[in-house]
Amino acid sequence: MEFRIDMKLEVEDETDELATRVPITVQVLYRGGRWQAQCLEPLVSTELCETMEEALVQAAKDAAKELASA
């Protein structure tokens with residue numbers, strides 16, 4: 001079985017020493033008993049994870065890093 005869920009997350013953007021929360025849209029995929037999260041802006045894609053929570057946390061961390069380096 002495979003399916004996708006669109007979700008909104010807020011991640012902290014700590015550029016210019018001012019932390020603001022930025023909303024991002026994440027698509028969570030379930031396939032073969034594992035979870036993956038993808039985001040187009042900023043461009044992020046996690047490895048396959050054991051739980052949905054693990055995929056979402058990794059996507060949020062990766063997105064925050066991308067925003068900080070932009």
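One numbering rule holds for all chains: residues counted from 1, following each sequence as written. For a predicted model such as this one, the threshold for reporting local features is a pLDDT of at least 70, and the threshold for listing and counting side-chain atom pairs is 80 or more; totals across whole chains, interfaces and linings nevertheless cover every residue. With hydrogens and water excluded, all non-hydrogen atoms of the structure serve as input to the side-chain values.

A. Broad picture of the side chain of glutamine 36. Going along the chain from the N terminus, every DSSP run of H or I of four or more residues is numbered as a helix, and every run of E of two or more is numbered as a strand. In this structure, glutamine 36 sits in strand β3 (residues 34–39). By relative accessible area, glutamine 36 is classed as buried at 11%. Here a polar contact is recorded for every N or O atom pair within 3.5 Å, except that within protein the pair must consist of a potential hydrogen donor and a potential acceptor, and residues adjacent in sequence are included only if both atoms are side-chain atoms. At 3.2 Å, the side chain of glutamine 36 forms a polar contact with the side chain of serine 45. Should any heavy atoms of two residues lie within 4.5 Å, those residues are considered in contact. Leave out the neighbours within four places in its chain, and glutamine 36 touches Gln27, Val28, Leu29, Arg31, Ser45, Thr46, Glu47, Leu48 and Ala55. Here's how the labels work: a residue is buried when its accessible area is under 20% of the maximum for its type, exposed when over 50%, partly exposed in between, all with a 1.4 Å probe on protein chains only.

B. Spotlight on the nonpolar core. Of all hydrophobic cores here, the largest spans 16 residues; its most connected members are Ile24 and Val26. Secondary structure elements with two or more residues in this core: β1 (2–13), β2 (20–31), β3 and α1 (52–69). Examining the composition of this core, we find that 5 residues originate from one element, α1, more than from any other. Dropping the residues within four chain positions of it, valine 26 is found in contact with Ile5, Asp6, Met7, Leu9, Ala37, Gln38, Cys39 and Leu56. What makes a nonpolar core is a set of buried Ala, Val, Leu, Ile, Met, Phe, Trp, Tyr and Cys residues whose side-chain atoms join them at distances within 4.5 Å.

C. Structural detail: unusual backbone geometry. Cis rather than trans, the peptide bond between glutamate 41 and proline 42 has omega equal to 0 degrees. Checked against the element boundaries, proline 42 lands in the loop between β3 and β4 (44–45).

D. Expanded view of the pattern of salt bridges. Each reported salt bridge corresponds to a side-chain nitrogen of Lys or Arg within 4 Å of a carboxyl oxygen of Asp or Glu. Under the definition given, this model contains 2 salt bridges. The residue glutamate 2 makes a salt bridge to arginine 4 at a minimum N-O spacing of 3.8 Å. Here arginine 34 and glutamate 50 are joined by a salt bridge, their closest N and O atoms 3.3 Å apart. Of the two residues, arginine 34 sits in strand β3 while glutamate 50 sits in the loop between β4 and α1, which places them 16 residues apart along the sequence.

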